[in-house]
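Chain residues, written in single-letter form:
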Amino acid sequence: MIDEYLAAARRVKPASEPLVAHYNFCYESLLGLTKESASNPELYVTYSAERRCELITVGQRTYLVYDQYLGQTFNRLNRIQYATHGSQDLSRALASKYLAERLLQLGSPVIAGFLGMVAHQFENNVKEEGNPFELSRENEATRVNLIVAQELFVIAHELAHFRFSLDQERSSEETEYYINQFLDYHRTLPTEPAATRDHFDTARYYEETLASQQCIPELFADDFGGLIAFQVAVRAFGLPAWQAVAGVVLAFKYLRLFQHLEVVAHYLCDVATVTDPSLFAKSLSKLADDVGYGAQGLRIAQLREHFLRYRLSQNEETSNVSELIGEYDEKTEFPVVFGLVDRLRENLTPRLLAGFAENATFKQDPTAMIDELTGWVK
Amino acid sequence: MTKILIEFDRTEEAMLRQELANLESEITFIDTQRFDGALVVQILATLSTVTVPLLAKIIVERIRANRHVVIKKQGITISGLNADNAVKVLAELTKND
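Please read these numbers as outputs of a predicted model, since none were measured by experiment.

Colleague: Whenever I open this one, unusual backbone geometry confuses me. Can you help?
Modeller: Only a minority of non-glycine residues have a phi that is not negative, and only a minority of peptide bonds are not trans. Phi at Arg51(A) is positive, roughly 50 degrees, even though this residue is not glycine. On the secondary structure map, Arg51(A) appears in the loop between strand E2 (42–48) and strand E3 (54–58). Within the chain, Asn66(B) stands out as a residue other than glycine whose phi angle is a positive 60 degrees. With respect to the secondary-structure elements, Asn66(B) resides in the loop between helix H2 (51–64) and strand E4 (69–73).

Colleague: Could you clarify how one ought to interpret the pattern of salt bridges in this entry?
Modeller: Close approach of charged atoms allows side chains with opposite charge to pair. Residue and element names in this part refer to chain A. Within the structure shown, the criterion is met by 35 salt bridges over all chains. A salt bridge links arginine 102 to glutamate 262; the shortest N-O distance between them is 2.7 Å. Placement of the pair is arginine 102 in helix H4 (residues 87–105) and glutamate 262 in helix H10 (residues 241–271), with a sequence separation of 160 residues. Glutamate 262 matches arginine 102 in its accessibility class, with the two residues each being buried. Residue lysine 253 pairs with glutamate 305 through a salt bridge whose shortest N-O separation is 3.0 Å. One end of the pair, lysine 253, is in helix H10; the other, glutamate 305, is in helix H12 (residues 295–312), and 52 residues separate them in sequence. Here the two residues lysine 253 and glutamate 305 agree in accessibility, since each one is buried. When salt bridges with common partners are traced through the structure, they connect Lys253, Arg256, Glu305, Arg309, Asp329 and Glu333 into a single cluster.

Colleague: Could you clarify how one ought to interpret H2(B) in this entry?
Modeller: For an α-helix, the turn length of 3.6 residues means that residues three or four places apart are oriented alike. Residues and elements named next belong to chain B. The end-to-end C-alpha distance of H2 is 20 Å, a good match for the 20 Å that 14 residues give at a rise of 1.5 Å each. Inspection of H2 places Thr51, Val52, Leu55, Ala56, Ile58, Ile59, Val60 and Arg62 among the buried residues, and these make up the whole buried set. Immediately downstream of H2, the backbone of asparagine 66 shows phi near 60 degrees, a positive value.

Colleague: Sorry, what's going on with the layout of surface pockets here?
Modeller: In this approach, a probe sized like a water molecule rolls over the atoms, and the result shows the empty space that is left. All names here are of chain A. Quantified by volume, the second largest pocket comes out at close to 620 Å³. Forming the walls of the second largest pocket are 24 residues, and the residues nearest its centre are Arg76, Lys97, Glu123, Thr374 and Lys378. Taken together, the elements giving at least two residues each to the lining of the second largest pocket come down to helix H3 (68–81), H4, helix H5 (109–127) and helix H16 (366–374). At six residues, H3 tops the list of elements feeding residues into the lining of the second largest pocket.

Colleague: Explain the packing of aromatic side chains to me, please; I cannot follow it from the model alone.
Modeller: The way to describe two aromatic rings as a pair is by their centre distance and the angle between their planes. Residue and element names in this part refer to chain A. Under the definition given, this model contains 19 aromatic pairs over all chains. Measuring from ring centre to ring centre gives 5.6 Å for phenylalanine 182 and tyrosine 206, while their planes differ by 35 degrees; the resulting arrangement is tilted. Remark: tyrosine 206 occurs in helix H8 (residues 193–212) and phenylalanine 182 occurs in helix H7 (residues 168–187); sequence separation between them is 24 residues. Residue class for phenylalanine 182 comes out buried when judged on its relative accessible area of 0%. Both rings, one in tyrosine 254 and one in tyrosine 328, keep their centres 5.4 Å apart while their planes meet at 55 degrees; by these two values the pair is tilted. Residue tyrosine 254 is located in helix H10, and its partner tyrosine 328 is located in helix H13 (residues 319–347); the two are separated by 74 residues in the primary sequence. A relative accessible area of 0% places tyrosine 254 in the buried class.

Colleague: So what exactly am I meant to see when it comes to the interface of chain A and chain B here?
Modeller: Interface size is commonly expressed as the accessible surface area that is lost when the partners come together. Tallying the contact residues gives 27 residues for chain A and 21 residues for chain B. Note on chain A versus chain B: buried area summed over both sides is about 2,000 Å², and carbon and sulfur give 54% of it. At the junction of chain A and chain B, the tally comes to one salt bridge. Residues Glu4(A) and Lys3(B) are paired through a salt bridge, measuring 3.4 Å at the closest nitrogen-oxygen approach. Counting across the interface, chain A meets chain B through eight residue pairs in polar contact (both at pLDDT 80 or more). For the side of chain A that touches chain B, the secondary-structure elements that each account for two or more residues are helix H1 (2–9), E3, H4, helix H6 (137–166) and H10 of chain A. Counted by class, the side of chain A that touches chain B contains eleven nonpolar, seven polar and nine charged residues.

Each value, and the rule that gives it
Residues numbered from 1 in each chain as written. Chains lettered and ligands numbered in written order. Predicted model: local features only at pLDDT ≥ 70, side-chain atom pairs only at ≥ 80, totals over all residues. Heavy atoms only, no water. Helix = DSSP H or I, 4+ residues; strand = E, 2+ residues; numbered from the N terminus. Salt bridge = Lys/Arg side-chain N within 4 Å of Asp/Glu carboxyl O. Buried < 20%, exposed > 50% of the residue type's maximum accessible area, 1.4 Å probe, protein only. Expected span 1.5 Å × (residues − 1). 1 Å grid on protein atoms, 1.4 Å probe; cavity = no way out; pocket = protein on both sides within 12 Å on 5 of 7 lines; lining within 4 Å. Points joined across faces, edges and corners; volume = space filled by probe spheres on them. Phe/Tyr/Trp six-rings, centres within 6.5 Å; stacked < 30°, edge-to-face > 60°. Contact = heavy atoms within 4.5 Å. Buried area = accessible area lost by both parts, 1.4 Å probe. Polar contact = N/O pair within 3.5 Å; in protein donor to acceptor, adjacent residues only side chain to side chain. Nonpolar A, V, L, I, M, F, W, Y, C, P; charged D, E, K, R; others polar.

These figures capture arrangement, not role.
What follows is the structure, encoded as structure tokens:
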């Protein structure tokens, strides 16, 4: 039944068998660090354009569905972090491809096709200057380690949600205990006057965020998921501690980026139906103004990221981790979150979309053309 | 037989279970807990001469009441769904498999 559900709900392709064996090993290792339970979800690996890992209950059975395409996309983002040139455009290319694939699923083929073409152009511009992905042996080894920790975290995060549902009261108490430690840490940091004030403000900022939103289940899933993913990455796969921490934190940030792209995709889906040029321009301006994660969304994202980093720092938070995360912001997050929508606002018009819709190849088979542009057919 | 996914607001679940009680073998309720926390109930439905009329009725009622309804087939959302074309859309989906 789970395969029938996924075939209806998602665009799917068969998952790679050797990787399914790898994910089973990851899952068994993670389960080994949790309390035994006969009701633990069954791992089901798929490969879908949704790029989504989730818990799904069909009848009496709960499945933890892991999406291999999510891991593949993480891997691409890892390669971009170590690209020899063009990281920002490669990030925009990936974001455009993500939007194209999601817009096709959301039933907006014209704008999906347009973004597929944009993705293609961004990538070709970079490749004209040579292959950006010729990584040094050292960077290649780090990339391989990062993806191990990242996929472990994604699976562990969902498993943690399941654990939370089994004992909400105790899980909440535990999370609140660690959150209080985290807030205390921020309250009592450096003694230098200006910095003290800043840190006190940070604590208050997070206290307000916690008071305004029910985010304990997500904080528990990040914390518990992050810690067991770290342990398996180090013990079962032999990763250096800093790479396990960096992998987990980057995975969190990649998922946050995808959440942002989901919001943009749904917004563009609505904008695509607007034919009046001035209304169209206004809608895109509104998207550019609202972009980011919204004030409250940003606060929660910051709280979750900093709490996760604080908890993992008990194991390792070296300059290597901070450097890699700082580079990710510069190479990927800012160019996508703040740059891509601005470019769309400057260039996209109803006329351009109408022209694209008249393209003969597109008219003949829109899905085939979009799949060709995004590489989904490969 | 064509299978489609229909997504409704989570608050409709009890009512939907009641309305679809006679179609137990053709309908499966799916519970998902997603990263984005969207509160929806999803129904995996086999389209047939028996199920289409009842599903169409339920869908049309929800659309008229401005409630959330999304139909997906093979992962692609059916766009342009409205109260006037819902029956036709389901009939087309039944045919083109």
